[in-house]
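Coordinate inspection notes
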Amino acid sequence: MIDIASSHSGLGTLLFLTSVTFGSANTIEKRDLYAPPSPFTGWGYAGCFNDSVGARTLTQNGFTSSAMTNTQCVQFCASKGFYYAGTEYSAECYCGDSLKNYGAKVDNAGDCNMPCNGNATEQCGGPSRLTMYNTTLPTGPIGPFINPGVNGFGYLGCYVDSVNTRTLGNGMQTTGGAGSLTVALCTSACHAGGYKYSGVEYSGECYCDDEIRNLGAPADASGCSMSCNGNSTEFCGGSNRLSLYQFGYKPPVLSSTASMMSSSSATSMSSSTVVSMSSNTVQPSSASPSSSSTMSSSPSSSPVVVSSGSTSSSLSSMTPTSSSTMISSSSSSSPVVVSPTSSTPMSTLIDSSTMMSSSSSWVVPPSSSSWAVPPSSSSWAVPPSSSSWAIPPSSSSLVVSSSSSTPVTSKSSSTVDSSGSSTFISSSSFTAVSSSSSVVVLSSSPTPIPPSSSSMAVSSSSSVVIPPSSSTSVPLSSSFTVATTSTTTTTPTPTTTIYSYKGCWVDNKYGRVMNYQQPDNSTETVDICIALCRSQGYAIAGIEYGVQCFCDNFLRNAATNTSDTECNMACPGNSTQKCGDGNRLSVYSNLTDITVYPVPTVQTTDLPGSWKYAGCLTDDAPNQRALPWQIILTDNNTAPNCIAQCSAYGYASGGLEYGNECYCGDQSDVDALGLTYVSENECQFACSGNVTTICGGARRLSYYTWQGPPLTSWNYASDDAAGLYQFLIGGVVVPLVTQMAVNGKVTFLEKSGTGIPNATGAYELDLAQINNFTGAWRPMHLKTDVFCSASVTLPDKAARQINVGGWSLDSTFGVRLYWPDGSPGVWGVNDWKENFKLVSLQAGRWYPSSMILANGSLLVVGGERGSNDIATPSLEILPQVGPTVYCDWLNRTDPSNLYPFLAVLPSGGVFVAYYNEARILDEASLLTKKELPNIPGAVNNFLAGRTYPMQGTAVLLPQSAPYTDPLKILICGGSTPYQGFALDNCVSIAPEAPNATWILERMPSKRVLVSLAALPDGTYLILNGAHQGFGGFGLATDPNHNAVLYDPTKPLNNRFTVMANTTIDRLYHNEAILLDDGRVLVSGSDPEDYRYDQEYRVEVFIPPYLMGNLAATRPIVNIPTNQRDWAYGQSYQFTLQTAVTITKVSLMGAGSATHGNSMGQRTIFPAFSCSGRICKVTAPPNARICPPGWFQLFALNRNNTPSVAVWVRIGGDPAGFGNWPDFDDFRPLPGV
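Residues numbered from 1 in each chain as written. Predicted model: local features only at pLDDT ≥ 70, side-chain atom pairs only at ≥ 80, totals over all residues. Heavy atoms only, no water.

Turning our eyes to something else, we now look at the overall build of the protein chain. A count of helical and extended segments in the protein chain gives 7 helices and 86 strands. Burial statistics for the protein chain: of 1232 residues in total, 59% are counted as buried. Put simply, of all contacts in the protein chain between residues at least 6 apart along the chain, 70% involve residues at least 24 apart. Total accessible area computed for the protein chain in this model is approximately 44,200 Å², and 50% of it derives from carbon and sulfur atoms. (Helix = DSSP H or I, 4+ residues; strand = E, 2+ residues; numbered from the N terminus. Buried < 20%, exposed > 50% of the residue type's maximum accessible area, 1.4 Å probe, protein only. Contact = heavy atoms within 4.5 Å. Areas by Shrake-Rupley, 256 points an atom, 1.4 Å probe, with all protein chains shown as cover.)

Our focus in this paragraph is the state of the cysteines. In total, this model carries 18 disulfides according to the counting rule given. Here Cys642 is linked by a disulfide to Cys662, with a sulfur-sulfur distance of 2.0 Å. The chirality of the disulfide connecting Cys642 with Cys662 is right-handed, given an S-S dihedral of about 80 degrees. Taken together, the positions of Cys642 in helix α4 (residues 639-648) and Cys662 in strand β40 (residues 661-665) put the pair 20 residues apart, joining distant regions of the chain. With relative accessibility at 1%, the residue Cys662 sits in the buried group. Each sulfur of the disulfide joining Cys646 and Cys664 lies 1.9 Å from the other. Handedness of the Cys646-Cys664 disulfide follows from its S-S torsion of about -80 degrees: it is left-handed. Taken as a pair, Cys646 in helix α4 and Cys664 in strand β40 lie far apart in primary sequence, 18 residues in all. (Disulfide = S-S within 2.5 Å.)

Within this structure, the stated rule accounts for 29 aromatic pairs. Both rings, one in Tyr818 and one in Trp832, keep their centres 5.6 Å apart while their planes meet at 40 degrees; by these two values the pair is tilted. Pair noted here: Tyr818 is in strand β53 (residues 815-818) and Trp832 is in the loop between β53 and β54 (849-852), with a separation of 14 residues, a long-range link. Taking the ring centre of Phe787 as reference, the NZ or CZ of Lys751 above it sits at 4.8 Å. Directly above the aromatic system of Phe1165 lies the positively charged group of Lys1144, at a separation of 5.2 Å from the ring centroid. (Phe/Tyr/Trp six-rings, centres within 6.5 Å; stacked < 30°, edge-to-face > 60°. Lys NZ or Arg CZ within 6 Å of the ring centre and 35° of its normal.)

We now examine the sheet that holds strand β30 (residues 516-517). Backbone hydrogen bonds are what pair the strands of a sheet, in a parallel or an antiparallel way. As summarised here, the arrangement of the 6 strands in space is β30-β32-β31-β36-β29-β33, forming an open sheet in which the pairing is antiparallel. Looking at which strands have only one partner, the edges of the open sheet turn out to be β30 and β33 (561-562). By the bridge criterion, 4 bridges tie strand β31 (residues 540-544) to strand β36 (residues 584-589) in an arrangement that is antiparallel. Each bridged residue has a counterpart across the sheet, and for Ile540 the counterpart in β36 is Ser589. On top of the sheet, helix α3 (residues 526-535) reaches β31, β32 (548-552) and β36; it is set at about 140 degrees to β31, its chief contact. (Pairing = 2+ DSSP bridges. Axes fitted to C-alpha atoms, helices over the stretch in contact; angles between N-to-C directions.)

Time to look at α3. When you tally the buried positions in α3, you get 10 out of 10 residues, the bulk of the element. Taken residue by residue, α3 has Val526, Asp527, Ile528, Cys529, Ile530, Ala531, Leu532, Cys533, Arg534 and Ser535 as its buried positions. Looking at the residues trailing α3, positive phi occurs at Gly537, about 90 degrees.

Turning our attention to the environment of Gly54. Tracing the backbone shows Gly54 in the loop between β1 (43-50) and β2 (61-64). Residues Gly54 and Pro1087, spaced 1033 residues apart in sequence, show a C-alpha to C-alpha distance of 9.7 Å. In this structure Gly54 touches Glu1088 and Tyr1090, once residues within four positions along its chain are discounted.

We now examine the pattern of salt bridges. Applying the stated criterion to the full structure yields 36 salt bridges. The shortest N-O distance in the salt bridge between Asp209 and Arg213 comes to 2.4 Å. We note a salt bridge from Arg625 to Glu657, for which the minimum N-O separation is 2.7 Å. A residue pair is termed long-range when its members are at least 10 positions apart, and Arg625 in the loop between β37 (611-618) and β38 (629-632) and Glu657 in strand β39 (residues 653-657) qualify at 32 residues. The two residues Arg625 and Glu657 agree in class, both being buried. Each of Asp619, Arg625, Glu657 and Glu661 takes part in one network of salt bridges that share partners. (Salt bridge = Lys/Arg side-chain N within 4 Å of Asp/Glu carboxyl O.)

Our focus in this paragraph is the pairing of strand β14 (residues 241-247). Look at any regular strand and the pattern is simple: side chains alternate between the two faces of the sheet. Among the 7 residues in β14, 5 count as buried, and that is most of the element. Pairing of strand β8 (residues 153-160) with β14 involves 7 bridges; the strand directions are antiparallel. Paired with Phe153 across the strands is Phe247, a residue of β14. The pairing of strand β10 (residues 197-201) with β14 spans 5 bridges and is classified as antiparallel. Paired with Ser198 across the strands is Tyr245, a residue of β14.

Moving on: the sheet that holds strand β51 (residues 790-793). What the 3 strands build is an open sheet, ordered β51-β52-β53; its pairing is antiparallel. For this open sheet the edge positions go to β51 and β53, each flanked by a neighbour on one side alone. On average, each strand axis in the sheet is inclined to that of its neighbour by 20 degrees, with strand direction left out of account. Note: strand β52 (residues 801-804) against β53, 4 bridges, orientation antiparallel. Looking at the pairing, Gln801 lines up with Tyr818 of β53.

The subject of this paragraph is the environment of Pro608. Looking at the secondary structure, you find Pro608 in the loop between β36 and β37. For the pair formed by Pro608 and Asn641, sequence separation is 33 residues and the distance between their alpha carbons is 8.8 Å.

Among the structural elements, Gln577 can be located in strand β35 (residues 574-578). A polar contact is formed between the side chain of Gln577 and the backbone nitrogen of Val526, at a distance of 3.0 Å. (Polar contact = N/O pair within 3.5 Å; in protein donor to acceptor, adjacent residues only side chain to side chain.)

Along the polypeptide, Lys929 turns up in strand β61 (residues 928-931). A sequence separation of 19 residues divides Lys929 from Val910, and the C-alpha atoms of the two residues are 9.1 Å apart. Here the side chain of Lys929 touches Gly908 through a polar contact of 3.1 Å, landing on its backbone oxygen.

For Glu1001, the position within the fold is in strand β66 (residues 999-1007). A relative accessible area of 0% places Glu1001 in the buried class. Within the structure, Glu1001 has its side chain in polar contact with the side chain of Tyr1046 (distance 2.8 Å). Within the local environment of Glu1001, its side chain forms a polar contact with the backbone nitrogen of Asn1053, the two atoms lying 3.3 Å apart. Setting aside residues up to four positions removed in sequence, Glu1001 forms contacts with Asp984, Asn985, Cys986, Tyr1046, Leu1052, Asn1053, Arg1055 and Phe1056.

Now for unusual backbone geometry. Here the bond from Leu878 into Pro879 is cis, since omega is -15 degrees, no more than 30 degrees from zero. Structurally, Pro879 is set in the loop between β56 (874-878) and β57 (885-886). Between Ala961 and the following residue, Pro962, the backbone shows a cis peptide bond with an omega angle of 10 degrees. Note that Pro962 resides in the loop between β63 (959-960) and β64 (969-972). Positive phi values are uncommon outside glycine, yet Ser128 reaches one of about 60 degrees. Here Ser128 lies in the loop between β6 (119-123) and β7 (129-135). Looking at Ser128, the relative accessible area reads 22%, which means it is partly exposed.

Turning our eyes to something else, we now look at the nonpolar core. Of all hydrophobic cores here, the largest spans 58 residues; its most connected members are Leu765, Trp777, Ile1022, Leu1081 and Phe1101. Built from parts of two domains, this core gets at least three residues from each of domain 5 (726-1110) and domain 6 (1111-1219). Excluding its chain neighbours within four sequence positions, the residues that come into contact with Leu1081 are Leu728, Val746, Phe748, Leu765, Leu767, Glu1071, Ala1072, Ile1073, Leu1075, Val1098, Glu1099 and Val1100. Within the second largest apolar cluster, 43 residues are counted, among which are Leu736, Val786, Trp832 and Val860. (Core = buried A, V, L, I, M, F, W, Y, C linked by side-chain atoms within 4.5 Å. Domains from an automatic or database assignment.)

Of the two faces of strand β67 (residues 1011-1014), the one lined by Ser1011 and Ala1013 and the one lined by Leu1012 and Ala1014 are each fully buried. Note that β67 and strand β68 (residues 1020-1023) share 4 bridges and pair antiparallel. The partner of Ala1013 across the bridge, within β68, is Leu1021. Where β67 folds back on β68, the antiparallel hairpin that results is connected by 5 residues, among which Gly1018 adopts a positive phi of roughly 95 degrees.

Mean pLDDT over the protein chain works out to 79, with 77% of the residues at or above the 70 mark. pLDDT under 50 marks residues 1-31. Its contacts with residues more than four places away, or in other chains, come to 120 contacts. Confidence drops under pLDDT 50 across residues 253-496; counting only partners more than four residues distant or on other chains, this segment forms 610 contacts. (pLDDT = per-residue confidence, 0-100.)

See below:
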């Protein structure tokens, strides 16, 4: 599996699928695949090369795509400046400057045999094979550019730094080390560490801190000119220069130091005005006024308007002149629309790919990722990065005029408001036009004009800077209007569009009274601060110390109004304005009334449940949080909200930090780090959901603990009570499916391609010959690949095993049958039978599930059409009855719903759980009968999944006579999407209950790729898997070696017992099944990962009921052959070899294990009675409580020690499988 995350990464292997044309299930046409000889200029096909998941041939970059082609991959690698590009597994692309890990061309070019997802006629590698391309032309990287922000951090600028006096004091290690550093990796690491600031320097260094230290200050942008080691398209500081980011800061404009807009000379408009992008205001360009300007500010629906024909005292007086117009873009800003005013017609359409050659024209193509740059002295370049700002029009062409007449038209309904010589166009979309001089086109969405390190001259009296796409003609005159658009918040609602002065306010008496500080500005003005706050949706702006600007929607910390004379510091950008003073804010707002909240306090009352406040706790352990589960509650973090979520998921410790962060965990997490309590003064951040209460501080937790009855408690077994892992035998295959057979043997099925070269695909393990390796493993044979198929035991007389689906082509339609024969110690002669042309599924299925229905038919559910292909969102029945049944819920949740969990319900219906959803289907129509609540996931991520690829496991809890209690289903483990954080809980539900709800119980450890085996005493063994990852090759880490026993008879939240450990890693493709002697056979692990071995060894887990001398006391049961075929509700007899007290009789459904799914599993405790050595058992009453099939019967003594199982069939063969399929290839048939 590819090591680069993608939305489909969980599908593991992305296996081989050549192109097919479907006519019917019996007709498949294969076509040859080709490698395009030159998919991109300067690149050529190099051949088919070897590769490995654990040791990649191309290691430097890559991606996955559901529409992959070789052209797409080569273009990507070329754009990054690499010399090699390779495609693999239909959907994967890799890049590099050289071949690594002994990568070389293979002799057989046919090994690259998988079609590209985006073009089924061309090859995109194969399993561990790359379709390789290379170039000798140095392509050169794009950029670099400034990354405007990621992971919640916004770019502040280029800052000075020094080795001895660091601006940010904490050096931080990032994934992949210095050689792989990107802005995203550094900001992610800083955020994980709880820091406010993040900075990158010298291409490979990452620093974090909660404050800017040692007089760190902005520096010239040119100092941050070194590209990131891990991404050549973005800047990572420079020598003694930090590219600095702040968490929560939202730059009004995404800027780039790599771009500069200029024309060959600055020519004049008829009115002369400087437009400052950083302030969205019009400021004087000379000291000689000829008119004044007015700015009004409002939410985005009512943009700010600066008009050169009126005056307003709400801000400042601004004076345009008549010499030249300069648009200054030296700092970031919100979008600005400049409307020229000249009455001119317009005519020329230029396609977006056209470059203008005129020395006075700019052309901006309509793409968010590309720009056209004219080959002239006035051309200007703009970065093609999707993360940088762009100016794309909404259509595929630009409107550019070469004449001097230029009308402006608008397609949407527009309001034209003309006053004197001013014109303001109020519209959601515009079309830009130009005269013979210059054009800048803005998108219809609020897209900023790109800033630059120098000012931009807009030349000619008819120059235009406006949004595109319009059709309503608007006359232009000699003046212009500046409008700004911005983002608004829903609360509070502004009572006016004008920001007015609200007085001088005391700051920092009890903490900051405004929460959102902007970067210091040495040219600060009231206008600049107001525009900055308004552009970010805030209703209040405050200026302090001359250079500081703060934004908020209310005042905090018991702010008090004071005399205006205390705000006496002149604004550095306008000495006629006052910009606060020391701890004094000059406050402006568009609200009539400003809300002032009191100083926040710790919430110690009205807490949910038995929670109590414990104190202000340090959270400054290196690289580790005090509590492991983080929840970001941007707008609603409060103590009750946070800790209620913690306790709902079984966590007895909760904490709040930085105002908007919630953490859950256990006291043991805190104790392990040796954290201590500190003064309450260090926890002073107001909660994002309630500014009157405190939610921690910087690396400080407002810490709460649960003081009531334990939310969860686990038992820890020792000695014999812990059970035992024991080596059983060396294997010959890494199994995909294991299944107990009625002949006392175990069938092993393996996928093709990852095992030993001479394997036959199937083997039967004879447990009676464990000491004879050759005799223990009987080779069997398969014709098609069973990778990711489904198996069950049929209810026919022979207890044949059926396997359906598979990897690709014929395999996905495959139906395979095996009639178990032979006896313990004696090899059978039967083998797997299949003929896809005679018997097949109606739809190709990779990763399906299967189950015997109450009517005895086989239900096959879901899957995908083939290797990493589209979904097969349907159900079907074998023997075939009607067409497939489409399921929108499978289509909607693909690919997270594979190997869904199935169960026949006692009330009639089919339970199905898939991804994080569940429903009940009508047993006749198979249409949805009832939708169940969504399945709980992780405490911090409700999108966590339970089925493959976020693979958990599921079982049916015991049903006991008289079968009046509702059936319950238990699902354990799984993981979160994208991150692959394994879940540490199980959930259960009684789906038929009127108000069915999920009950959550915490497990002792996290698990994904988990297996679960039902035991004859009614307990369940949870084992195998990993603490982190997904299903798929190479996608899981940190194996979980511990076994856990779940006992549903114990009180809720006290049902888990920690058992023995193994030393063997069991990751992707592991299995666990119940043997006839009551042990659990443990097998498999096929990670295809250099970190973990393919696992051939077979173990058994010995449960406590067989430990010590208990095995010697097991009952010995005999059932005559004529008593082994049971009808519903009838009584049957068995005898004991010696008279012992039987406390329990269990019927265990014949199960098969694969991918955490125990298909066929069911635990039933029927009514029974014993007299001496004779016992009578009453069969379950109907097929809904006990679907037709084969069951292991166990009799248990007072120690819960089970007998060796005797197989019985219950309910007959109502679907007639014993006479199916009636073809020579499958005869003889066992009969019903």
